[in-house]
Amino acid sequence: MIDIKSINNGELLNGNSAVELKRVPSDSIDVVMTDPPYGLEYDKYKWDKDLPEVGIWVETLRVLKPGGFAFIMCSPRQDLLSFQIMILRKAGFFINFTSLYWIYKTGMSNARKIQTEQANDDAQKNLENAYAGFQPRPATEVILVTMKPLSEKSYTAQAHTNRKGVTFLNDCMIPIINKDGKVEKRQMSNIIVSDLALDPFGDDCGEIECADSKGNSHRFSLDSWAKHTLPYLFAAKPSKREKDFGLDNLPENKREIRRQGLKSHNVPMLPRPTARKNIHPMVKPLKLMSYLIALGSRQEDLVLDPFCGSGTTCLAAWLLGRKFIGIELEKEYFEIAKERLKNVSGGIKKPKPLASGKIQRLSDFKSFELQSQGGPIIDVSGEKGLVEAIHFALNNPSTTSVEAHGFKITGYKKQNLEQQKEPDNVQDWADKGINISRGCSNDCRYCYAREESVRRHGNTVKNWPKEKLNPKIINKGWRVSSKRLMFPSTHDITPGTYDACETVLKKLLKAGNKVLVVSKPRPDLIEKLCDAIAPYKSQVMFRFTITAMDNDVLGFWEPNAPTYEDRKKALALVKEKGFRNSVSIEPMLDFPNVGNLIEDLRPHTTDCMWVGPMKMVRKRVVNDSPQVEKAIVKIITDQTPMKLLPIYTRYKNDPMIKWKGHYRKQLRKLKVEIPPQKDDWRDRIPE
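A brief structural summary. (Residues numbered from 1 in each chain as written. Predicted model: local features only at pLDDT ≥ 70, side-chain atom pairs only at ≥ 80, totals over all residues. Heavy atoms only, no water.)

### Let's talk about the packing of helix H17 (residues 523-532) against helix H19 (residues 564-576)
Alright, step 1. Packing of H17 against H19 brings their axes to within 9 Å, and their N-to-C directions diverge by 15°. Taken together, H17 and H19 sit at an angle that is classed as roughly parallel. H19 is crossed by H17, and the crossing has right-handed handedness. Counted together, Pro523, Ile526, Glu527 and Cys530 of H17 and Asp566, Lys569, Ala570, Leu573 and Val574 of H19 form the full contact between these two elements.
Alright, step 2. Residues belonging to the contact of H17 with H19 are distributed by class as follows: six nonpolar, no polar and three charged. (Axes fitted to C-alpha atoms, helices over the stretch in contact; angles between N-to-C directions. Helix = DSSP H or I, 4+ residues; strand = E, 2+ residues; numbered from the N terminus. Parallel < 35°, antiparallel > 145°, perpendicular 65-115°, else oblique. Left-handed = near helix turned anticlockwise from the far one by under 90°. Contact = heavy atoms within 4.5 Å. Nonpolar A, V, L, I, M, F, W, Y, C, P; charged D, E, K, R; others polar.)

Okay, structure coming up:
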């Protein structure tokens with residue numbers, strides 16, 4: 001039996017699904033995404049002769065969690081489609097859902113023209129342009145949507161029990177450009193379109209910018225979804241580059257398409273044998289499998305593909321942060337899948353650590369430095385022997401400087417990855433964060449807590465500003481703790497949360513705790529809070545987030561938060577009332593004026609100021625308009641290591657200025673080491 005908990009990224013199995021599935025525990029799979037044999041007797045491939053037997057689907061149903069969905073691709077041919085539905089129903093799947101239809105425009109016709117040479121004149125005339133049966137050029141495939149029956153009485157009860165019986169439609173919304181030129185998202189439909197297949201113009205662009213009134217593809221575009229959601233994915237209909245990506249170590253093989261003995265006029269649309277490394281004839285697009293996985297699962301969920309072919313489903317699952325189990329009967333396709341996953345995803349299993357401290361492989365190196373007699377190479381375009389020197393370095397890794405082909409080659413060993421990891425906000429400032437609300441009405445565009453809530457807890461960006469108080473935290477009692485406590489850490493103190501914040505903070509302080517109070521401050525609320533906790537003045541350190549002086553910048557990035565003047569006023573107010581205070585300038589939203597911001601706040605600050613750039617901008621910021629894209633680009637451009645260095649150089653000896661983890665990480669790229677700065681602010685609060 002497979003130990004599900006021991007699966008790191010995924011598990012590939014070579015064998016018959018009817019046998020291998022028996023090794024998978026019952027009720028352990030979150031979603032099934034598979035492209036089984038269609039029963040078309042496709043060319044010479046015996047495995048495509050019949051539809052999978054019902055026994056495989058019975059086992060698939062067994063391992064799927066109650067309420068878990070299965071997305072099963074199928075031929076649109078009526079006999080095969082109806083038979084596949086009948087088999088799934090017989091296996092026990094609930095099939096009362098609308099199918100999805102994937103539309104593309106690169107299908108090849110299998111139509112055979114009727115030969116009229118032996119017919120009489122009248123027959124020849126009547127049979128002109130006649131084709132045998134009905135074989136139009138294929139432009140669609142069906143995706144059957146099925147589910148394991150619920151174990152609870154309703155979808156809501158099932159969702160509360162095991163997070164199943166649900167699909168994540170908002171994760172598959174299609175971005176389009178509206179009449180105002182802004183990007184907005186539309187609810188997904190049961191049509192998925194690749195390559196702008198519904199548009200009258202012929203160029204394959206796959207760009208959101210092509211979504212205009214000339215065509216209809218933009219309403220259902222898989223390419224637009226992937227460009228907006230998963231920009232690292234490859235082609236729409238899988239190109240040779242996508243199919244062969246990661247297969248550098250495999251030889252190219254000719255893929256025999258035309259059946260032996262058939263002349264070209266019998267099958268005019270079928271291509272001639274082509275050389276490729278991924279010889280599977282039915283490779284589906286990475287975007288399509290990613291779309292379906294996003295529809296039916298969340299990160300860390302376990303995806304099953306009992307007919308995984310060359311591994312596209314498994315690769316998509318890995319890229320989306322899911323785990324996978326892939327089963328493939330054919331040994332040659334299994335090897336292709338294994339190679340794709342090993343070279344593209346970094347491997348199914350993490351490599352074991354080296355037995356000794358010696359460098360044994362190139363992956364143990366962080367970088368190589370090549371020097372000629374004139375010093376480090378800057379423009380290498382004309383350097384003789386450079387290619388040979390690099391080849392020597394790659395094949396002879398060493399930390400000892402060596403001479404080769406006129407170059408001095410030195411390898412630098414990577415530092416321990418654990419030592420490279422920088423602490424986050426809570427780890428820098430506190431050992432534990434306490435929060436009483438899910439959501440924050442300030443609705444900051446870069447909010448890490450919102451991104452995490454959406455990604456891990458099923459919240460939505462739209463619902464995040466609606467603050468939902470947690471009565472369990474508000475009503476609980478507190479004991480004194482030896483830990484550094486930060487309150488709150490995922491939301492601010494706002495008009496909607498103030499009363500609950502005051503209640504919890506007073507309980508924490510009354511128990512004898514010292515608390516770091518963090519927020520984007522509103523002067524009226526902060527003054528009220530200072531008065532309420534005045535008896536505990538010696539147990540409190542305020543830390544106010546003040547990220548820019550320009551209110552236009554603040555209004556864009558932190559739309560419902562206080563103005564700069566209000567935050568500065570609140571900072572001065574707590575100092576006047578005898579409290580210790582400090583400032584967080586993270587993220588720096590107006591980088592060119594950070595120095596002015598520091599000096600303007602210095603007279604009102606009693607303790608320290610923490611400075612840091614914005615982390616994971618592309619991941620956390622919802623990029624829903626050209627204006628947002630422009631702002632993102634500016635942030636990224638302003639916060640390169642070379643741009644960050646002058647601010648550090650200016651303030652590195654200033655005892656009031658502290659550097660956040662991501663600032664330290666960025667400067668390390670320039671070989672500037674800033675020591676970790678754990679902030680035990682409790683020692684600086686006077687007794």
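### Quick look at the nonpolar core
Alright, step 1. Grouped together as the largest cluster of nonpolar side chains are 71 residues, with contacts concentrated most on Phe542, Trp557, Trp659 and Tyr663.
Alright, step 2. Element by element, the count of residues in this core is highest for helix H16 (residues 498-510), at seven residues.
Alright, step 3. Excluding anything up to four places from it in sequence, Tyr663 contacts Met588, Val611, Gly612, Pro613, Leu644, Ile647 and Tyr648. (Core = buried A, V, L, I, M, F, W, Y, C linked by side-chain atoms within 4.5 Å. Buried < 20%, exposed > 50% of the residue type's maximum accessible area, 1.4 Å probe, protein only.)

### Some points on a positive patch on the surface
Alright, step 1. A surface patch of positive charge is lined by Lys432, Lys472, Lys476 and Lys483.
Alright, step 2. Structurally, Lys483 is set in the loop between helix H15 (471-475) and strand S20 (485-487). (Patch = residues over 30% accessible without salt bridge, like charges linked within 9 Å, V, L, I, M, F, W, Y side chains within 5 Å. Areas by Shrake-Rupley, 256 points an atom, 1.4 Å probe, with all protein chains shown as cover. Salt bridge = Lys/Arg side-chain N within 4 Å of Asp/Glu carboxyl O. Lys, Arg positive; Asp, Glu negative; His and termini not counted. Charge placed at Lys NZ, Arg CZ, Asp CG, Glu CD.)

### Notes on the side chain of Lys284
Alright, step 1. Along the chain, Lys284 falls in the loop between strand S10 (274-276) and helix H8 (286-296).
Alright, step 2. Side chain to side chain, Lys284 and Asp35 meet in a polar contact 2.8 Å long. (Polar contact = N/O pair within 3.5 Å; in protein donor to acceptor, adjacent residues only side chain to side chain.)

### Quick notes on the packing of aromatic side chains
Alright, step 1. This model, assessed by the stated rule, comprises ten aromatic pairs.
Alright, step 2. Between Phe69 and Phe97 the ring centres are 5.3 Å apart and the planes differ by 50°, which places this aromatic pair in the tilted class. You can see Phe69 sitting in strand S3 (residues 64-74) and its partner Phe97 sitting in the loop between helix H3 (78-91) and strand S4 (100-103), a full 28 residues away along the chain.
Alright, step 3. Residue classification places Phe69 among the buried residues on the basis of a relative accessible area of 7%.
Alright, step 4. Seen in terms of ring centroids, Phe542 and Phe544 are 5.5 Å apart; in terms of plane orientation they differ by 45°. Their pairing is tilted. For the pair shown, Phe542 and Phe544 are each scored as buried.
Alright, step 5. An aromatic cluster of three or more residues is present, and its members are Phe69, Phe71, Phe94 and Phe97.
Alright, step 6. Looking at Lys537, its charged tip hangs above the ring of Phe579, at a distance of 5.6 Å from the centre.
Alright, step 7. A cation sits over an aromatic face here: Lys660 above Trp429, 4.5 Å from the ring centre. (Phe/Tyr/Trp six-rings, centres within 6.5 Å; stacked < 30°, edge-to-face > 60°. Lys NZ or Arg CZ within 6 Å of the ring centre and 35° of its normal.)

### Structural notes on the environment of Asp79
Alright, step 1. Among the structural elements, Asp79 can be located in helix H3.
Alright, step 2. Along the backbone, Asp79 and Gly39 are 40 residues apart, and their C-alpha atoms lie at a distance of 10.0 Å.
Alright, step 3. A distance of 2.9 Å separates a polar atom in the side chain of Asp79 from a polar atom in the side chain of Arg77.

### Description of the sheet that holds strand S22 (residues 540-545)
Alright, step 1. As summarised here, the arrangement of the seven strands in space is S17-S20-S21-S22-S23-S24-S25, forming an open sheet in which the pairing is parallel. Each of the sheet's edge strands pairs with one partner strand only, and the pair in question is strand S17 (432-433) and strand S25 (657-659). (Pairing = 2+ DSSP bridges.)

### Here we look at the pattern of salt bridges
Alright, step 1. Under the criterion given, the structure shown has 27 salt bridges.
Alright, step 2. Asp301 is the salt-bridge partner of Lys164, the closest N and O atoms lying 3.5 Å from each other. Of this pair, Lys164 sits in the loop between helix H5 (155-162) and strand S6 (174-177) while Asp301 is found in the loop between H8 and strand S11 (302-305), placing the two residues 137 residues apart along the sequence. Comparing Lys164 with Asp301 shows no difference in burial state: the two are buried.

### What to know about the packing of helix H2 (residues 54-63) against H3
Alright, step 1. Interhelical geometry of H2 versus H3 gives an angle of 50° and a closest axis separation of 8 Å. As far as their axial angle goes, H3 and H2 are oblique. Crossing of H2 against H3: the hand is right-handed. In this structure, H2 uses Val54, Trp57, Val58 and Leu61 to contact H3, whose residues at the interface are Gln84, Ile87, Leu88, Lys90 and Ala91.

### Examining unusual backbone geometry
Alright, step 1. Cis geometry is adopted by the peptide bond preceding Pro488, which originates at Phe487 and carries an omega value of -15°.
Alright, step 2. The backbone of Arg163 shows a phi angle near 65°, a positive value even though the residue is not glycine.
Alright, step 3. Mapped onto the elements, Arg163 comes out in the loop between H5 and S6.
Alright, step 4. The backbone of Glu300 shows a phi angle near 75°, a positive value even though the residue is not glycine.
Alright, step 5. For Glu300, the location among the structural elements is in the loop between H8 and S11.

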